[in-house]
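What follows is the residue order along each chain.
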Amino acid sequence: MNRIFDILRYFAFTGFGVLCLWLISAYLYNAPSGLFLVSSAGILGIAVVSWWSILWSLLVFIACIPLVNGLFQVGLLPVCFLSFWFAGIYLTWITKRFFYRRQAMRPQSIIGDMIDVLSAVVVLSLIAIMLQYPPDYVLYRLWSCYPSMMQTDPMFGPFAAFILLQGLFLYRIMELEAADEERWERFVYVFLVHVIILFVFYLIQAAFNLPAKHKGLILFSPFDDPHSWGSYVVVLLFVFWGISRTTTSPLQRMIGTAVAVMLAFLIFLSSSIATVAAFCIIGTIFLACTFGKRKSIVFLGVIGTCFLLLNLFPSLIEKSDHYTMQRYARRLLVKNLIGPKSPLAGRYMSADQALGILREYPLTGSGIGTFRRISPYYHYSDTPHPQRRENAHNYYLQFAADLGIPALIVFLIIIYCAFRAGLHQFVQDVCYRNVRRGLLFGFGAYLITMVTGHPLLLSPQQLLFWFVVAMLSIQYKAVSNTEPIS
C-alpha cells in the first residue's frame, strides 16, 4: 500500500512541477520585453528568498494574497501574478528538498496521503483532456499562443488543474515545513494582515469605486466578487471572535470583538445569502459551544423573528430601491421562491446539468475545467437547458462533474480528516484553543458557502482555503530535516 502511495505521490509532484515550468516559461515567452525583464527579476528573487528560507517565503506569499489580488482589481497591476509567484516557490522548494537535500516527501498525516491521491487524479484528468486534441494544436496553444483563462476555452484545462493543484501543494509544503509550534504561531498573524488589507481595499472601493461596485452598490474588494469575498470573510470573522477570547488584555479583547462585529455587519451588507446563512447557522452553534445554549437560542430567535416579520410584512423591503434590499426580498420572501421566475431556478438547472454529466461519466468526470464549456449539452431531467452556460453554483457538484464521484469522496475525506485533526488539536492546544475554535467554525462556514457557490474556482480562494485547512489540521511535532528519500 505504501508503494502505491509513493507512486501516486511522485507522479503528482512531478506533474505539478511540469505545470509550474509551463506556466512560468509560457508567460515569459509571451510577455512584452519590459514585462519580461521585470518578471525574470521577480522569479529570480522568489527563488533566492525561497532557497534561503521557505518558511518566510511562504509566510510573505500567503500574507500578500489579498494585497496582490486587490492591486490587480483596482488596476495597479497588469496581471494577478499569484500563480506565477507560487510556481516559483514550488520549483525552488522541490529542487532544494528533493534534489539537493534528498529529503522524503511523505506526508505527516492521512490528509497528506489523500491530497497526493487527489493531486494524481487531477494530473491524470488533465492528461486525458490534452490527449483529445492533436499534438500540434496543443503545442501551439501552450507556447505560441498563451491559453485563455476563459472557462469556455478548450485549453482551459491546464489553468483549472493548476488552480486546484496549487492549493493542494500549498498544504503539502506547510505540512512539511511549518509543523511545529513556533512556525505555526507565525502564520496566525497572517489573519491580522488579511483583515487590515481587507478594510483598506474595502474603503478604497467605497470611496473611489475601484473596482466598480457590483450592481453599483455591493462592495467586495480585494476579492473577485461578493460571494468569494463572503466565503473568506466569514472565516476571518470567527477567527477574530476566537482571538478576542484568547487574549487576557482588555484592549485586545475589545479590538478582536470589534473586528468580528464589523465583519458581521459587512457580511449582511454584502447581500450574499449563502454567506449570511453560513454565518447564522455556524454562529448559532458557536454561541451554544462558547456561551451556552441560552444565548444561542436568543440569537436564533432574533434571526427567526426577523425572517417571520419580513414574510408577514414584505413591504418593509420590497419597496426599497436599494439593490441589497431588493436582493434580500427576492431571496428571503417565500412567495418569491416559488414558480418559474424563482431566483433559484437557474441553480436547479445548473445542478441538473451537473447530474447529467455525472450520469455519463460517474467515475472520471468530464475532465478538469470542462464543466462550463460542455454543461449546455447535458441534463439529468427530461428538459434540456441549451441556453444555460454557467458554473454549477455548487462547488461539490461541479467538482464531481469535472473529476468524478471517487475524487469527490477523496475531497470529502480530506475535509472530514481536517475537522477531526482540528478537534484533536483543540483539545491538546491550551494556548491557542480559542483560535483553533474560530478556525473550526470558520472552516465550517466556508464549506456551507460552497453549497450555493464556487469560490474554489478562483486562484486566491483556492490558496486561502488550503491555508485555513493547514492551520486547522497541522499538528505540532518535530519535522525531520534529514529523512532520506526512500
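Use the structure listed above.
Reading guide: rules and limits
- Here the residue numbering is sequential within each chain, running from 1 through the sequence in written order.
- Residue-level local features of this predicted model are given only where pLDDT is at least 70; pairs of side-chain atoms are given and counted only at 80 or more, and the full residue set underlies all totals for whole chains, interfaces and linings.
- Hydrogen atoms and water are omitted, and side-chain values are computed over all heavy atoms in the structure.
- The helix count covers DSSP runs of H or I at least four residues long, the strand count covers runs of E at least two residues long, and both are numbered beginning at the N terminus.
- Computation of the radius of gyration draws on C-alpha atoms alone. For the globule rule, the value is 2.2 Å times the number of residues to the power 0.38.
- A 1.4 Å probe rolled over the protein chains alone gives each residue an accessible area, and that area as a share of the maximum for its type sets the label: buried under 20%, exposed over 50%, partly exposed in between.
- Should any heavy atoms of two residues lie within 4.5 Å, those residues are considered in contact.
- To measure how exposed things are, a 1.4 Å probe is used in the Shrake-Rupley method; for residues, cover is taken only from the protein chains shown.
- The charged-residue count follows a simple rule in which Lys and Arg add positive charge and Asp and Glu add negative charge, with His and chain termini not counted at all.
- By convention, charge coordinates are those of NZ in Lys, CZ in Arg, CG in Asp, or CD in Glu.
- The aromatic pairing rule takes the rings of Phe, Tyr and Trp, using the six-membered ring of Trp, and pairs them if the centres are within 6.5 Å, calling planes under 30 degrees apart stacked, those over 60 edge-to-face and the rest tilted.
- The term nonpolar core refers to a set of buried residues drawn from Ala, Val, Leu, Ile, Met, Phe, Trp, Tyr and Cys, joined through side-chain atoms within 4.5 Å.
- To estimate how far a helix should extend, the number of its residues minus one is multiplied by 1.5 Å.
- Directions from the helix axis toward the C-beta atoms define the arc.
- Disulfide: a pair of cysteine sulfur atoms within 2.5 Å of each other.
- Polar contacts here mean pairs of N or O atoms no more than 3.5 Å apart (in protein, one a potential hydrogen donor and the other a potential acceptor; neighbouring residues in sequence count only if both atoms are side-chain atoms).
- By convention in these notes, a salt bridge is any Lys or Arg side-chain nitrogen within 4 Å of a carboxyl oxygen on Asp or Glu.

Q: Sorry if this is basic, but what is going on with the overall build of the protein here?
A: What the protein contains, in helices and strands, is 21 helices and zero strands. In terms of overall size, the protein behaves like a compact globule, its C-alpha atoms giving a radius of gyration of 23 Å where 486 residues would be expected to give roughly 23 Å. Principal axes of the C-alpha set define a box for the protein whose edges measure 65 × 60 × 50 Å. Taken across its 486 residues, the protein has 54% of its residues classed as buried. In the protein, 73% of the contacts between residues at least 6 apart in sequence involve partners at least 24 apart. In the form shown here, the protein has an accessible surface area of approximately 21,700 Å², with 69% of it arising from carbon and sulfur atoms. If you average the places of the 35 positive and of the 22 negative side-chain charges in the protein, the two averages end up 7 Å apart.

Q: How should I be thinking about the packing of aromatic side chains in this particular structure?
A: The relation between two aromatic rings is expressed through the spacing of the ring centres and the mutual angle of the planes. Applying the stated criterion across every chain, the model contains 39 aromatic pairs. Their ring planes at 50° and their centres at 5.1 Å tell us that F419 and F443 sit as a pair that is tilted. Taken together, the residues F419 in helix α19 (residues 405–428) and F443 in helix α20 (residues 433–449) connect sequence positions 24 residues apart. Given a relative accessible area of 26%, F419 falls into the partly exposed group. An aromatic cluster is built from F13, F16, F61, F81, W85, F86, Y90, W93, F162 and F169, whose rings are joined through pairwise contacts.

Q: Would you mind going over the nonpolar core with me for this structure?
A: Taken as a class, soluble globular proteins show a tendency for nonpolar side chains to be buried jointly. Counting 144 residues, the largest nonpolar core has Y90 and F411 as its most contacted members. What F411 contacts, discounting residues up to four positions off in sequence, is L118, Y395, Y396, F399, M450, L456, F465 and W466. Counting residues in each nonpolar core, the second largest holds seven residues, with I357, F371, I374 and A392 among its members.

Q: Even after reading the chapter, I still don't get helix α2 (residues 33–52), so can you show me in this structure?
A: Given 3.6 residues per turn, any residue in an α-helix points the same way as the ones three and four places further on. End to end, α2 covers 29 Å across 20 residues, agreeing with the expected 28 Å (1.5 Å per residue, within 8%). Those residues of α2 that sit buried are S39, I43, I46 and S50. The buried side chains of α2 occupy one side of the element, clustering within an arc of 60° when seen end-on. Those residues of α2 that are exposed and aimed more than 90 degrees away from the buried face are S33, L37, V38, A41, L44, V48 and W52. Residues of α2 that are buried sit in contact with α1 (2–30), α3 (54–63) and α5 (82–100).

Q: Help me understand the state of the cysteines in this model?
A: Here is the idea: a disulfide is a covalent bond, and it sits between the sulfur atoms of two cysteines. Under the counting rule described, the total for this entry stands at zero disulfides. Looking at the unpaired C64, the closest cysteine sulfur is the one in C80, lying at 12 Å. Look at C64 and you get buried, because its relative accessible area is 18%. Left unpaired, C289 is separated from the closest cysteine sulfur, that of C280, by 16 Å.

Q: Before we go on, may I ask you to explain the side chain of Q166 in this structure?
A: Inspection of the secondary structure assignment puts Q166 in helix α8 (residues 157–177). For Q166, the side chain forms a polar contact with the side chain of S83, separated by 3.4 Å. Leaving out residues up to four positions away in the same chain, Q166 has contacts with F16, S83, F86, S459 and L463.

Q: Can you walk me through the pattern of salt bridges in this structure?
A: When the charged atoms of two side chains lie near each other, side chains of opposite charge can form a pair. Summed over all chains, the structure comprises six salt bridges. Salt-bridge contacts for D113 lead to R9; the nearest nitrogen and oxygen are separated by 2.7 Å. Pair noted here: D113 is in helix α6 (residues 110–130) and R9 is in helix α1, with a separation of 104 residues, a long-range link. Of the two residues examined, D113 and R9, each falls in the buried class.

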